[in-house]
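Reading the structure
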Amino acid sequence: MSTPPVALTIAGSDSGGGAGIQADLKTFAALRVFGTSAITAVTAQNTRGVLDVHSLPGAVVGAQIDAVRDDMPVAAVKIGMLGDLAVADEVAARARDGLLPNLVLDPVLYATSGHRLGALAVVERVLPFALLVTPNRDEASALVGAPVHSPAEMVSAAREIASTGARHVVVTGGEEDGAAVDVLWTGGEVRFLRSPWVRTENDHGTGCTFSAAVAALLAHGDDLAAALTVAKRYVATGLRGARDWKVGAGRGPIDHFGWSV
């Protein structure tokens, strides 16, 4: 087997294993990418919610990023939960210098349980440097300061978020006529990404997984359109695979490994 491409995730740790760094590394592995990480925060959480959050010092996060970059050819980067402004400033400085290629930003503001995990000011530090931003409807609403529910509102939000400097925006989590609908704003044009809606309570970490999958596919050299298509299929497969799982008493994880390439 040839040497796999390397991807880096900069995100928080989820002790429950369904989201954050843990979900990202599982996704990288499933998509045959060598995963590396810089942990921004440690959370105490499970399927029922987030119990505690401890942000790491910005300098420590920066050192993790530099340690990986100094030794390995990072081909793509996924950013999730940043924690605080000190961490965001460390990450933004490296992005500004072009050191974080194929940067996919999942602007984590809330856990699936609804617990707030980030602040707008933190996300906005990194937003202008992203190749792709992947907010769900709640995160998009927070970013634009207006409700985002319908596909039309998703389009409007994607357009406004793109005006901040991000080159491409996907607003995820819409539903229309029994289909899961994501809205892609790219090059001033709109595309709708549709797939069958999967009815399940086991959806913890879908946003983390989607953005990590896109980064993994970019690391392989896929163009953005192909990466988005396959990443959406990967998440749908994970939702179907875990539909009947009984992992914890709350919103359970998806199946990251029921996938073949």
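One structure accompanies this document, and this report is about it. (Residues numbered from 1 in each chain as written. Predicted model: local features only at pLDDT ≥ 70, side-chain atom pairs only at ≥ 80, totals over all residues. Heavy atoms only, no water.)

On to the overall build of the chain. Of the regular secondary structure elements, the chain holds eight helices and nine strands. Here the chain has a C-alpha radius of gyration of 17 Å; the compact-globule value for 261 residues is 18 Å, and the two agree. Based on the C-alpha atoms only, the size of the chain along its principal axes is roughly 50 × 40 × 40 Å. Looking at the chain as a whole, 53% of its 261 residues are labelled buried. (Helix = DSSP H or I, 4+ residues; strand = E, 2+ residues; numbered from the N terminus. Rg over C-alpha atoms; globule rule 2.2 N^0.38 Å. Buried < 20%, exposed > 50% of the residue type's maximum accessible area, 1.4 Å probe, protein only.)

Here the focus is the pairing of strand β3 (residues 49–55). One ladder, built from six bridges, connects strand β2 (residues 34–46) with β3; its direction is antiparallel. Along β3, the bridge assignment pairs N46 with G49. Hairpin geometry of β2 and β3 is characterised by an intervening segment of two residues between the two adjacent antiparallel strands. (Pairing = 2+ DSSP bridges.)

What the rule picks out here adds up to nine salt bridges. Between R94 and D66 there is a salt bridge, with its nearest N and O atoms 2.8 Å apart. Linking R94 in helix α3 (residues 85–96) with D66 in helix α2 (residues 58–69), this pair joins segments that are 28 residues apart in sequence. Note on D66: relative accessible area 25%, which makes it partly exposed. Between R194 and E176 there is a salt bridge, with its nearest N and O atoms 3.2 Å apart. You can see R194 sitting in strand β9 (residues 189–196) and its partner E176 sitting in strand β7 (residues 168–176), a full 18 residues away along the chain. Beyond isolated ion pairs, a larger network of salt bridges with shared partners links D66, E90 and R94. (Salt bridge = Lys/Arg side-chain N within 4 Å of Asp/Glu carboxyl O.)

Moving on to the environment of K232. Tracing the backbone through its elements, the reader meets K232 in helix α8 (residues 224–241). A sequence separation of 37 residues divides K232 from S195, and the C-alpha atoms of the two residues are 7.9 Å apart. Discounting residues that sit within four places of it in the chain, K232 has contacts with A180, D182, L193, R194, S195 and F210. (Contact = heavy atoms within 4.5 Å.)

Another aspect to go through is the sheet that holds strand β4 (residues 74–79). Reading across the sheet, the nine strands line up as β3-β2-β1-β4-β5-β6-β7-β8-β9 and stay open at both edges, with mixed pairing between neighbours. Two strands in the sheet have a free side with no partner beyond their single neighbour: β3 and β9. On the sheet, α2 packs against β1 (6–14), β2 and β4 and is oriented at approximately 155° with respect to β2. (Axes fitted to C-alpha atoms, helices over the stretch in contact; angles between N-to-C directions.)

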